[in-house]
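Here are the chains, one letter per residue:
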Amino acid sequence: MFYIGSHISASKGYAAMGRQAVKLGANTFAFFTRNPRGGAAKAIDEEDVRKFLALAEEHAFGKLVAHAPYTLNACAAKEEVRRFARETMADDLRRMEYTPGNYYNFHPGSHVGQGSEAGIARTAEILNEVLTPEQTTTVLLETMSGKGSEIGRNFTELKQILDQVECSGKMGVCLDTCHVWDAGYDIVSDLDGVLEEFDRIIGLERLKAIHMNDSMNPLESHKDRHEKIGQGQIGLAAMERVINHPKLQGLPIILETPNDDEGWAKEIALLKSLHKAEAQRA
Ligand code: FE
Ligand code: FE
Ligand code: ZN
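Residues numbered from 1 in each chain as written. Chains lettered and ligands numbered in written order. Predicted model: local features only at pLDDT ≥ 70, side-chain atom pairs only at ≥ 80, totals over all residues. Heavy atoms only, no water.

(A) Looking closely at a negative patch on the surface. A contiguous patch of negative charge on the surface is contributed by Asp-190, Asp-192, Glu-196, Asp-199 and Glu-205. Checked against the element boundaries, Asp-190 lands in the loop between helix 6 (177–183) and helix 7 (191–201). Residue classification places Asp-190 among the partly exposed positions, given a relative accessible area of 40%. (Patch = residues over 30% accessible without salt bridge, like charges linked within 9 Å, V, L, I, M, F, W, Y side chains within 5 Å. Areas by Shrake-Rupley, 256 points an atom, 1.4 Å probe, with all protein chains shown as cover. Salt bridge = Lys/Arg side-chain N within 4 Å of Asp/Glu carboxyl O. Lys, Arg positive; Asp, Glu negative; His and termini not counted. Charge placed at Lys NZ, Arg CZ, Asp CG, Glu CD. Helix = DSSP H or I, 4+ residues; strand = E, 2+ residues; numbered from the N terminus. Buried < 20%, exposed > 50% of the residue type's maximum accessible area, 1.4 Å probe, protein only.)

In structure tokens, the structure reads:
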């Protein structure tokens, strides 16, 4: 199956998100678990969740890829910033259990001068505090562009985090095409090589989702500025190879491109038409 979707506003609840996804032609989506800048999450309405689960089943949705607030920094030097990360993630993971078996993606963090080794250890420490053997959610580390003091800027740093997490079976990785390109992984001329490197260092079985974004900037620019599909430095031909790569089949693909709903619907239709099996099915 080909699972594709975009970010959807969570403000009207789960069933509204599901309906909006269907309207865009999507069969998965991403949403912020709370205001992306942080703050309290809305109370869960179980009836709303029930409606959503029925809709998701009816439309054969793939796994959702929830996104933690991007202000969350699990490896900050300040204890109060780490406390926010700890409490937010623990609360989000409790909430995720209302929609069991999905993905919760987060940015591993910025070490802000402590050095990446210390940052990696701190992020792993928070994960060890919030993950439980009972949870059905898989937590995904997002591949980062290496902007500022971000950790997770290469596969080795992600592997180092994974190695320090006790509930290792609850962890995976989300590959962001803009971020890995900006980090210096040439998915345009050597996608096979990049995936081989991912497999050698992390293991491809850990790769659970893709954020599909073009990039405004050249390879290894460490900028993290997303562009619309096919309008950046990565280009449409490379995106077509990504979605059709045999090792990437069945993963939910999430668009985080600078678009409105109409733009996302167009990109979803475009990528569906470029996915060989999906185009044949349609
Ligand atoms: Fe992200
Ligand atoms: Fe992303
Ligand atoms: Zn980004």
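Having seen the structure, we can now continue with the description.
(B) Spatial organisation of the sheet that holds strand 9 (residues 253–255). In spatial order, the strands read 1-9-6-5-4-3-2; together these seven strands make up an open sheet with parallel pairing. One side of each edge strand has no neighbouring strand; the edge strands of this open sheet are strand 1 (4–6) and strand 2 (65–67). Pairwise comparison of adjacent strand axes, ignoring direction, gives a mean angle of 30 degrees for this sheet. As paired elements, strand 3 (residues 103–106) and strand 4 (residues 138–142) share four bridges and run parallel to each other. Along strand 4, the bridge assignment pairs Phe-106 with Leu-141. (Pairing = 2+ DSSP bridges. Axes fitted to C-alpha atoms, helices over the stretch in contact; angles between N-to-C directions.)

(C) Spatial organisation of the packing of helix 5 (residues 155–163) against helix 7. Interhelical geometry of helix 5 versus helix 7 gives an angle of 25 degrees and a closest axis separation of 10 Å. Considered as vectors, helix 5 and helix 7 are oriented roughly parallel to each other. In the crossing of helix 5 with helix 7, the sense of the turn from one axis to the other is right-handed. Residues Phe-155, Thr-156 and Lys-159 of helix 5 pack against Val-194, Glu-197, Phe-198 and Ile-201 of helix 7. (Parallel < 35°, antiparallel > 145°, perpendicular 65-115°, else oblique. Left-handed = near helix turned anticlockwise from the far one by under 90°. Contact = heavy atoms within 4.5 Å.)

(D) Molecular detail of the packing of aromatic side chains. This model, assessed by the stated rule, comprises nine aromatic pairs. With a centroid separation of 5.9 Å and 75 degrees between ring planes, the pair formed by Tyr-14 and Phe-31 is classed as edge-to-face. Of this pair, Tyr-14 sits in helix 1 (residues 14–23) while Phe-31 sits in the loop between helix 1 and helix 2 (46–58); the two residues are 17 residues apart in sequence, bridging distant segments of the chain. On the basis of relative accessible area, Tyr-14 is assigned to the buried category, the value being 9%. On the basis of relative accessibility, which here comes to 3%, the residue Phe-31 falls in the buried class. A centroid spacing of 5.9 Å and a plane angle of 80 degrees characterise the contact between Phe-29 and Phe-52, whose relative ring orientation is edge-to-face. (Phe/Tyr/Trp six-rings, centres within 6.5 Å; stacked < 30°, edge-to-face > 60°.)

(E) Representation of the side chain of Thr-257 in the model. Along the chain, Thr-257 turns up in the loop between strand 9 and helix 9 (261–274). For Thr-257, a relative accessible area of 3% translates into the label buried. Looking at Thr-257, its side chain comes within polar contact range of the side chain of Glu-267, at 2.7 Å. Excluding its chain neighbours within four sequence positions, the residues that come into contact with Thr-257 are Met-212, Asn-213, Asp-214, Glu-227, Lys-228, Ile-229, Trp-264 and Glu-267. (Polar contact = N/O pair within 3.5 Å; in protein donor to acceptor, adjacent residues only side chain to side chain.)

(F) Region of interest: the nonpolar core. Counting 74 residues, the largest nonpolar core has Phe-29, Tyr-104, Leu-127 and Met-212 as its most contacted members. Leave out the neighbours within four places in its chain, and Phe-29 touches Ser-6, Ile-8, Met-17, Gly-18, Ala-21, Phe-52, Phe-61, Leu-64, Val-65 and Ile-254. Core analysis: the next-biggest nonpolar cluster, separate from the first, contains seven residues, Ala-30, Leu-140, Ala-209 and Ile-254 among them. (Core = buried A, V, L, I, M, F, W, Y, C linked by side-chain atoms within 4.5 Å.)

(G) Spotlight on the coordination of the iron ion (ligand 1). Distances from the iron ion (ligand 1) to its protein donors, His-67 (NE2), His-107 (NE2) and Glu-142 (OE), fall at 2.1 to 2.2 Å. Read N to C, the donor residues that coordinate the iron ion (ligand 1) are spaced as H-x39-H-x34-E. (Donors = N, O, S within 2.8 Å, 3.2 Å for Na, K, Ca; no water.)

(H) Region of interest: the coordination of the iron ion (ligand 2). Only Glu-142 (OE), Asp-176 (OD), His-211 (ND1) and Glu-256 (OE) from the protein coordinate the iron ion (ligand 2), and they sit 2.0 to 2.2 Å from it. Coordination at the iron ion (ligand 2) is irregular, judged from the four donor atoms that bind it and the angles of 83 to 175 degrees they form at the metal. Each donor residue of the iron ion (ligand 2) belongs to the same chain, and together they define the spacing E-x33-D-x34-H-x44-E. Here the iron ion (ligand 2) and the iron ion (ligand 1) are spaced 3.3 Å apart, linked through Glu-142, which binds each one. On the criterion of sequence distance, the pair formed by Glu-142 in strand 4 and Glu-256 in the loop between strand 9 and helix 9 is long-range, its members being 114 residues apart. Each member of the pair Glu-142 and Glu-256 is classed as buried. (Tetrahedral: all angles 85-135°; square planar, octahedral: opposite > 155°, others 65-115°.)

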